[in-house]
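As a plain string of letters, each chain reads:
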Amino acid sequence: MTEMVIDKRRVAESFSRAASSYDQAAEFQRQVGSNLLARLPERFAPQAIIDLGCGTGYFTRALTQRFQQPVMGLDLAEGMLRFANSQSIAESSWVVADAEALPLKPASQDLIFSSLALQWCPDLLRALTQAAQALRPGGCLAFSTLVEGTLTELQQAWQTVDGFVHVNRFMPLADLQQMLAMAGFGRWHCEVEEHVLRYAQLSGLTQELKALGAHNLNAGRPGGLTGRARLRALTQAYETFRQPAGLPATYQVAQILMFKES
C-alpha cells in the first residue's frame, strides 16, 4: 500500500485558521456531504449519531434535522469546534477528537458520519477499525474521502515547474478498497464520484484551497513563499488545461457506506 505522510498537528492548525472562511468557500464540500447523506437508507433510524470531522458543524445540523436526534460533532481542529459552537443549535455537543483514537465507548453509536475528513488520517485503517468498535451491531459508518486523481491538473502543472510536493497526495482507490475489506465490517459499498470544478483564473482555485484550510499539508512541500517566477510558470502550465468553461480542477470522491454485522 502507498504510505501516507501527513502531519496531523499541521492539519489541525490549518483548519482552525480557516474556520471563519470555510463555509463561504465550501460549496463543493457541501455537495459531497449532501450526496453522502442522501445515500443513507431511507428507513435507517439511528439514535446515537457522531459527525466525525464536523468542521463548522454544517452536517451536524443537517443530521440533527434529518434524524431528529442530538448529534455530537468531533473534530481535530479546536478552531473549527469553537466556530461550530457559535453557530450551533441546542442539541449539538462538540468534542476535540482524533479519528484514530476515538473517545467513544465500544458499541455505543448507531451512525458515524464523516464527509471529506478521513483523508487526513495517516493511518486510515486504524480510523476505520476504531469506528467499527464504536458502532453497535447494525450500525453504519458513512464517509466520503478523496482518492488518487484529485487535483491532477494542479499536480501536473507543478511537475513542469519544480520537483517539490505542492499538492496533497491521496490514496489510490485499490489501497482504499483493500482497507475497507480489512476493517471488520460485515458489508460495505464504495462508489467513486468525479467532480470537475471550473475557475476563471488559477488564483480562484488556490485562494479557495487556502480559505478551506486544505492547501498542501504533505511532507516534501517547499519551505518559504512561492516566488513570482514559479507562480508565473505554474499559471502558464495550468493554462494548457483551459476549456471553454474555464480552468478545470478535478476531484475524485469515494462515497462509502459500511455496516457492522448485526
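Residue indices follow the written sequence of each chain, beginning from 1 at its first position. For this predicted model, a pLDDT threshold of at least 70 governs which residues receive local features, and a threshold of 80 or more governs which side-chain atom pairs are given and counted, while totals over whole chains, interfaces and linings are taken from all residues. Side-chain metrics in this entry use all non-hydrogen atoms of the structure; hydrogen atoms and water are not considered.

Draft legend 1. View of the overall build of the chain. Counting from the N terminus, the helices are DSSP H or I runs at least four residues long and the strands are E runs at least two residues long. From N to C terminus, the chain includes 10 helices and 7 strands. Any two residues whose heavy atoms approach within 4.5 Å are treated as being in contact. Taking contacts inside the chain between residues at least 6 apart in sequence as the whole, the part at least 24 apart equals 79%.

Draft legend 2. Region of the structure containing the sheet that holds strand 1 (residues 49–52). The strand order 3-2-1-4-5-7-6 describes an open sheet built from 7 strands, whose pairing is mixed. Edge strands, defined here as strands with exactly one partner in the open sheet, are strand 3 (93–96) and strand 6 (187–199). Recorded for the sheet is a direction-independent mean angle of 15° between the axes of neighbouring strands. Two strands pair when backbone bridges link them, and strand 6 and strand 7 (residues 247–259) are joined in this way by 13 bridges, in the antiparallel orientation. Bridging from a neighbouring strand, Cys 190 pairs with Ile 256 of strand 7. Note on geometry: axes are C-alpha line fits, over the in-contact stretch for helices, and angles between N-to-C directions span 0 to 180 degrees. The sheet contacts of helix 3 (residues 27–39) involve strand 4 (109–115), strand 5 (135–146), strand 6 and strand 7, and relative to strand 7 the element is tilted by about 25°. For two strands to be treated as a pair, DSSP must find no fewer than two bridges joining them.

Draft legend 3. Structural context of the environment of Gln 236. For Gln 236, the location among the structural elements is in helix 10 (residues 228–238). Along the chain, Gln 236 and Thr 160 lie 76 residues apart, while their C-alpha atoms are 10.0 Å from each other.

Draft legend 4. Representation of the packing of aromatic side chains within the structure. Here a pair means two rings of Phe, Tyr or Trp (six-membered ring of Trp) with centres within 6.5 Å. Their orientation is stacked below 30 degrees between planes, edge-to-face above 60, and tilted elsewhere. For the coordinates displayed, the defined rule picks out 6 aromatic pairs. Seen in terms of ring centroids, Trp 120 and Phe 170 are 6.3 Å apart; in terms of plane orientation they differ by 65°. Their pairing is edge-to-face. Of this pair, Trp 120 sits in the loop between strand 4 and helix 6 (124–134) while Phe 170 sits in the loop between helix 7 (152–159) and helix 8 (173–182), and the two are 50 residues apart along the sequence. As far as the burial class goes, Trp 120 and Phe 170 line up, both buried. Here the aromatic rings of Tyr 238 and Phe 241 are separated by 5.7 Å at their centres, their planes lie at 65°, and the arrangement is edge-to-face. Using a relative accessible area of 1% as the deciding quantity, one classes Tyr 238 as buried. We call a residue buried when its accessible area falls under 20% of the maximum for its residue type, exposed when it is over 50%, and partly exposed in between, using a 1.4 Å probe and counting protein chains only. On the accessibility criterion, Phe 241 (22% relative accessible area) is partly exposed.

Draft legend 5. Quick look at the environment of Asp 98. Its location among the elements puts Asp 98 in the loop between strand 3 and strand 4. For Asp 98 and Ala 77, which are 21 residues apart along the polypeptide, the C-alpha to C-alpha distance reads 9.3 Å. Between N or O atoms, a polar contact is any pair within 3.5 Å; within protein, one atom must be a potential hydrogen donor and the other a potential acceptor, and residues adjacent in sequence are included only when both atoms are from side chains. At 2.9 Å, the side chain of Asp 98 forms a polar contact with the backbone nitrogen of Glu 100.

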